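Survey of secondary and tertiary structure
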Amino acid sequence: MKLLLAVIAALTVSLGAALDPHEHNKVVCYWNSTSFERPGPGKFQIDDLKPAIPFCTHLVYGFAGIDPNSFEAIPLHPNLDTGAGYSFYRIVNQLRQTYPHLKVYLSVGGNADPDYDTHKYLTVTETPEARNKFINSAVRLVTEYDFDGIDLAWEFPETKVKKQRSTFGNVWHNIKKAFGGGKYKDEHEEEHRNGFTNLVRDLKVQLRSRNKALTLTVLPHVNASIYYDARLLAPNIEAVHLMAFDQITPERNPKEADYPAPIYESYNRVPQDNIDASVRYWLEHGTPGGKIVIGIPAFARTWKLTSESQISGVPPIVADGPGAEGPHTANPGVLSYGEVCTRLTESHVGRLRRVSDPSKKYGSYAYQSYNPETSADGIWVGYEDRDTAGNKASYSKAKGLGGVAIWDLSTDDFRGICAGDKFPIVHAAKDKL
Ligand SMILES: *[C@@H]1O[C@H](CO)[C@@H](O)[C@H](O)[C@H]1NC(C)=O
Ligand SMILES: *[C@@H]1O[C@H](CO)[C@@H](O)[C@H](O)[C@H]1NC(C)=O
């Protein structure tokens, strides 16, 4: 019996390896296709994808959505996605003619599809009728445009903002009132968890017979232990991409800047808010390591520093909401790596002071303090660079995981303006797998 089990296990392993040529070295590249609409040099065109593809094993198109009335999967930007003018769904799949190794998936959700009023990502899981409408339409969409698979970046409710056990506990009460991250209380968590598990199972049946893949993306602030029944999901998915970043954001945590995407817990932080804790949940609930993929943000999170902020720059540091927007991304509290790296160069006016992470556990940051002479605000930037992206890939490798997932190509230095080579974050991560 033991021998038989061993034989079956060996067979399953070798079968798994045969099915997944990238069992431990997946480089999953997300593409936020609406980055096409950024003005000026931030505009990311479909040709800009090409220099990244040799580093990527998978390309994930972000994002499709759900129609709240019919529960069907739909393009969120029909003009770009499927319209005659651009038809990105079609063009992106034609990349495989030049890059046959590439797998292209269509992702649904990703917080790109507003559902505050409808909670449609929950209701669609609730009945077999709704689930089937979603499944049939999603399968039709990927078949029609010839995607290699579907990724579900399901918009489950976010957790409440957790108080860090840091020195500024008293400000938290007011912040929670003002921002209240995770305000929605789901009264039917278990029903939604089971419904989602069934949706994944039934969707996989349809995809399997068409030789198409199914992956999951766990969005930031979704409590996996509530919504993801890892043990039942594992057999029906090729991979789960853990977006274990944005642990701290300027919207959820406006008064305190801190490492947004640490690998490990650092002193006095929320124990669950790091990559290692997320990974352990999936491993301990039966997910094969090769199916667990670590998310790496190419974008940085920024906070405004004021006269109240400690001048040392050391996190956690008192802040006052999102830092000033960047010239390309034009979004307060966010900078692309391209925007960060230009501000780290010697000659740059308003240069940031860079602090790297020899511990390889927490991440890099850079800052410019408040200026008491001019009263100019400062900025604190928690960012990913070649070293930290490489560290995350090394972590994946050391733990026998499936690789890395970069969010997203448009926020890497895709023009190579800093060091000459394009997509330095994706490249550095790939090199360590
Ligand atoms: C994608 O890019 C658009 C355009 O810059 C931006 O508004 C949006 O927030 C981005 N989406 C995500 C999920 O980052
Ligand atoms: C996630 O949910 C579980 C079960 O309800 C709970 O014990 C845990 O504290 C939650 N984690 C977070 C980070 O909210």
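Residues numbered from 1 in each chain as written. Chains lettered and ligands numbered in written order. Predicted model: local features only at pLDDT ≥ 70, side-chain atom pairs only at ≥ 80, totals over all residues. Heavy atoms only, no water.

So, on to helix α3 (residues 88–98). Residues of α3 that are buried include every one of F88, Y89, V92, N93, L95 and R96, and no others. Around the axis of α3, the buried residues are gathered within 135° of arc, so they sit on the same side. Exposed residues on α3 whose side chains face more than 90 degrees from its buried face are Q97 and T98. Tucked inside the fold, the buried residues of α3 contact β1 (26–32), β2 (58–66), β3 (73–75), α2 (78–81), β4 (103–109) and α5 (128–145). (Buried < 20%, exposed > 50% of the residue type's maximum accessible area, 1.4 Å probe, protein only. Helix = DSSP H or I, 4+ residues; strand = E, 2+ residues; numbered from the N terminus. Arc of directions from axis to C-beta. Contact = heavy atoms within 4.5 Å.)

A word on the layout of surface pockets. Sizing a probe to match a water molecule and rolling it over the atoms shows the empty space that remains. By volume, the largest pocket amounts to about 1,400 Å³. Lining the largest pocket are 43 residues, and of these G110, N111, A112, E158 and R301 sit closest to its centre. Of all elements in the fold, only β2 and α4 (120–126) reach the threshold of two or more residues within the lining of the largest pocket. Among the residues forming the lining of the largest pocket, the class breakdown is 17 nonpolar, 15 polar and 11 charged. (1 Å grid on protein atoms, 1.4 Å probe; cavity = no way out; pocket = protein on both sides within 12 Å on 5 of 7 lines; lining within 4 Å. Points joined across faces, edges and corners; volume = space filled by probe spheres on them. Nonpolar A, V, L, I, M, F, W, Y, C, P; charged D, E, K, R; others polar.)

Three or four residues apart is the spacing at which side chains of an α-helix point the same way, because the helix has 3.6 residues per turn. For helix α13 (residues 424–431), every residue scored as buried is listed here: P424, I425, V426, A428 and A429. Those residues of α13 hidden inside the fold are in contact with β1, β9 (292–297), α11 (337–342), α12 (386–398) and β16 (403–407).

Below, the discussion takes up the site of ligand 1. Inspection of the region around ligand 1 gives N32, T34, R38 and W407 as its neighbouring residues. Here an oxygen atom of ligand 1 and a side-chain polar atom of N32 are 2.4 Å apart. R38 is positioned with one of its side-chain polar atoms (N or O) 2.6 Å from an oxygen atom of ligand 1. Surface burial for ligand 1 is 57%, taken as the share of its 360 Å² of free accessible area covered by protein chains. Residue classes in the shell around ligand 1 are distributed as 1 nonpolar, 2 polar and 1 charged. (Near = heavy atom within 4 Å. Polar contact = N/O pair within 3.5 Å; in protein donor to acceptor, adjacent residues only side chain to side chain. Areas by Shrake-Rupley, 256 points an atom, 1.4 Å probe, with all protein chains shown as cover.)

All residues in the neighbourhood of ligand 2 are listed as T159, K162, N223, S225, I226 and Q272. Note that an oxygen atom of ligand 2 is positioned 2.3 Å from one of the side-chain N or O atoms of N223. Here S225 contributes a side-chain N or O atom positioned 3.3 Å from an oxygen atom of ligand 2. Considering ligand 2 on its own, with 360 Å² of exposed area, one finds that the protein chains cover 50% of that surface. Residues belonging to the shell around ligand 2 are distributed by class as follows: 1 nonpolar, 4 polar and 1 charged.

The next point concerns the nonpolar core. Ranked by internal contacts, the top residues of the largest apolar core, which has 111 residues, are F134, L152, W154, Y228 and W282. Sequence-distant contacts of L152, that is, excluding residues within four places in its chain, are made with V108, F134, F196, L199, V200, L203, L214, T215, L216 and T217. In this structure, I248, W303, I317 and Y365 belong to the second largest nonpolar core, which totals 10 residues. (Core = buried A, V, L, I, M, F, W, Y, C linked by side-chain atoms within 4.5 Å.)

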